[in-house]
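# Results of the structural survey
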Amino acid sequence: MTVDRTEELDLYRDSVRKFLDRECPLEKIAVWEREDRVPRELLKGMAELGILGLTTPEEYGGSGTDVTVMTVVMEELAARWSGIASLYNMSVGYGSLNLVYKASEAQKHRFLPGLLAGDTLVAYGLSEPEVGGDLASVRTRMERKGDKVVVSGAKRWISGANVADYMLTLVRSGDPADRHRNLSFVMIPMDAEGVSFERTRCMGTHGIPTNDVHLDGVTLDADLVIGEEEGWNKGWGMLAGGSLEVEKLAPTFIALGIAAAAVQEAWQYSQDRSQFGKRICGHQAVRHVLSDVQTKLKACRLMAYDAAGRVHHNQPSAVDTCMAKLFVAETAKEIVLSCQQYVMGAYGYAEGFQMERYVRDILAVPIYGGSSAIQKNNIATLMKLPRE
Ligand SMILES: Cc1cc2nc3c(=O)[nH]c(=O)nc-3n(C[C@H](O)[C@H](O)[C@H](O)COP(=O)(O)OP(=O)(O)OC[C@H]3O[C@@H](n4cnc5c(N)ncnc54)[C@H](O)[C@@H]3O)c2cc1C
């Protein structure tokens, strides 16, 4: 299977790498990591490169949804820095892709041009202090008041809320007893009165930090409710709808990119470091670790590209994307930890090399975008395994 190597994909890889070498060299990443920020200007560069339109149909100004190319771009960005991959995901995933699938025509025409130009950034507000995997329990409330809506509640772990222009927010818009039926999405401007946020300090994913977002009686025009009148109380269907398949692919390819970068660094390090009179790549234990991680990386690549190919070609893919997210996130974690612990030793634990950053970043991927346990639940359910 050579789905990951076509002339078109290699051209995209090449142009993304050139962009990263120019705009995102390792010396700058070290500074941005410490400052926990990603410059917004990088989005403009991505717009010029033509990669922001990869989840938007041509009729709205995009380049037509191309899942394979989008995931290749995600992998390349993550191999350089998870911060820039997350920035990209806020635009093409949380923003454009969600709006293409969920929004009214008027809302698509209102928000997509800014996203495509790199002027607008969207955070995704699902989780809450008391709500993790169980999203049907969302407590943040939205009430209708004439032609306005009022939103009150709190969101937690919201990636990039501190740099976003809007938070696409899952809210309870009716009786909580109905769990799945009374949920809606609303686009909340981050500068609206009553919105405040504070960063959460995490060990990794620096650049696009997570945030607690407080919503205190935020009053908005009702046309910010996603899908407008027809979108009321349709939030659960929107959450589980077509965009979900691609949403699972984004963290899958971020994990793949980080794992590939870790293997590359360890592979090279093993040839540069000598102990006991020879390069450590000559010691059998190190050779075996490196053979194992290369093999696991190949398996991750096959899983990821197979799932992306199925989504791209509109084939049934719900189980495949769950399996890819589960397998690649967990295996990439093993790969990175093996490279750090058994090849690079102390140098993988300290700043200077990139490995300590890969470790910090990879540990988040099995948690977000649907945790590994939730993917396992979904695989068993989708494959109709009886519960009793
Ligand atoms: C770096 C990072 C970025 C994030 N970005 C965002 C974001 O932008 N927007 C957003 O909305 N959220 C975001 N999140 C939150 C993320 O989606 C949640 O952490 C995730 O949904 C899991 O929720 P939880 O951590 O509260 O775990 P919980 O749901 O409390 O679960 C705790 C543990 O129990 C397991 N578990 C829970 N229920 C079950 C079950 N039924 N069966 C088996 N096991 C179960 C879970 O897998 C987990 O291991 C982010 C999180 C991180 C770490």
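Rules of the game
Residues numbered from 1 in each chain as written. Predicted model: local features only at pLDDT ≥ 70, side-chain atom pairs only at ≥ 80, totals over all residues. Helix = DSSP H or I, 4+ residues; strand = E, 2+ residues; numbered from the N terminus. Rg over C-alpha atoms; globule rule 2.2 N^0.38 Å. Buried ≥ 20, exposed ≤ 12 C-beta atoms within 10 Å, placed from the backbone. Contact = placed C-beta atoms within 7 Å. Domains from an automatic or database assignment. Core = buried A, V, L, I, M, F, W, Y, C linked by C-beta atoms within 7 Å. Near = placed C-beta within 6 Å. Nonpolar A, V, L, I, M, F, W, Y, C, P; charged D, E, K, R; others polar. Pairing = 2+ DSSP bridges. UniProt positions renumbered as here; feature names shortened; annotations may be inferred.

The name an unreviewed UniProt entry gives the chain is Acyl-CoA dehydrogenase family protein, with Novosphingobium pokkalii as the organism.

So, on to the overall build of the chain. Per the secondary structure count, the chain includes 13 helices and 9 strands. In terms of C-alpha radius of gyration, the chain reaches 21 Å, essentially the compact-globule figure of 21 Å for 388 residues. Each of the three principal axes of the chain carries a C-alpha extent, and together these read 80 × 50 × 40 Å. Looking at the chain as a whole, 47% of its 388 residues are labelled buried. Summarising the internal contacts of the chain: among those between residues at least 6 apart in sequence, 73% fall at separations of at least 24.

To continue, consider the domain arrangement of the chain. By the assigned domains, the chain splits into domain 1 (7–120), domain 2 (124–233) and domain 3 (242–382). Each of domain 1 and domain 2 was reduced to a C-alpha centroid, and the two centroids are 23 Å apart. Counting only elements with at least two residues in the side of domain 1 that touches domain 2, the list comes to helix 2 (26–35) and helix 5 (82–102).

By the element assignment, Ala 307 lies in helix 10 (residues 284–312). The class for Ala 307 is buried, based on 27 C-beta atoms found within 10 Å. Taking the C-alpha atoms as reference points, Ala 307 and Phe 185, separated by 122 residues in sequence, lie 27 Å from one another. The residues touching Ala 307, leaving out its near neighbours within four places in the chain, are Leu 249, Thr 252, Ser 317, Asp 320, Thr 321 and Ala 324.

Counting residues in hydrophobic clusters, the biggest one holds 113 residues, and the most contacted among them are Val 186, Ile 258, Ala 259, Ala 262 and Ala 332. Of the residues forming this core, the biggest block, 15 residues, is contributed by helix 9 (residues 243–272). Leaving out residues up to four positions away in the same chain, Val 186 has contacts with Met 142, Val 149, Val 151, Thr 169, Val 171, Leu 220, Leu 224, Val 225 and Ile 226.

Turning to its location among the elements, Lys 145 is positioned in strand 2 (residues 141–145). When the 9 C-beta atoms within 10 Å are taken as the criterion, Lys 145 is described as exposed. As a C-alpha pair, Lys 145 and Asp 191 span 46 residues in sequence and 21 Å in three-dimensional space.

This paragraph deals with the site of the ligand. What surrounds the ligand is a group of 19 residues, the closest being Leu 126, Gly 132, Ser 159, Ser 371 and Ala 373. Here the element with the most residues in the shell around the ligand is helix 13 (residues 372–382); it accounts for 3 residues. Split into classes, the residues belonging to the shell around the ligand amount to 10 nonpolar, 9 polar and no charged.

A word on the pairing of strand 5 (residues 183–189). Successive side chains on a regular strand alternate, one facing one side of the sheet and the next facing the other. Most of strand 5 is tucked away: 6 of the 7 residues are buried. Pairing analysis gives 7 bridges linking strand 4 (residues 166–172) to strand 5, with the strands arranged antiparallel. By the bridge assignment for strand 5, Leu 170 is matched with Phe 185.

It is worth spelling out the UniProt feature "domain: Acyl-CoA oxidase/dehydrogenase middle" (unreviewed entry) in the chain at this point. As recorded in UniProt, the feature "domain: Acyl-CoA oxidase/dehydrogenase middle" (unreviewed entry) lies at residues 123–218. This span, residues 123–218, is 0% helix and 47% strand, and a straight line between its end C-alpha atoms measures 17 Å.

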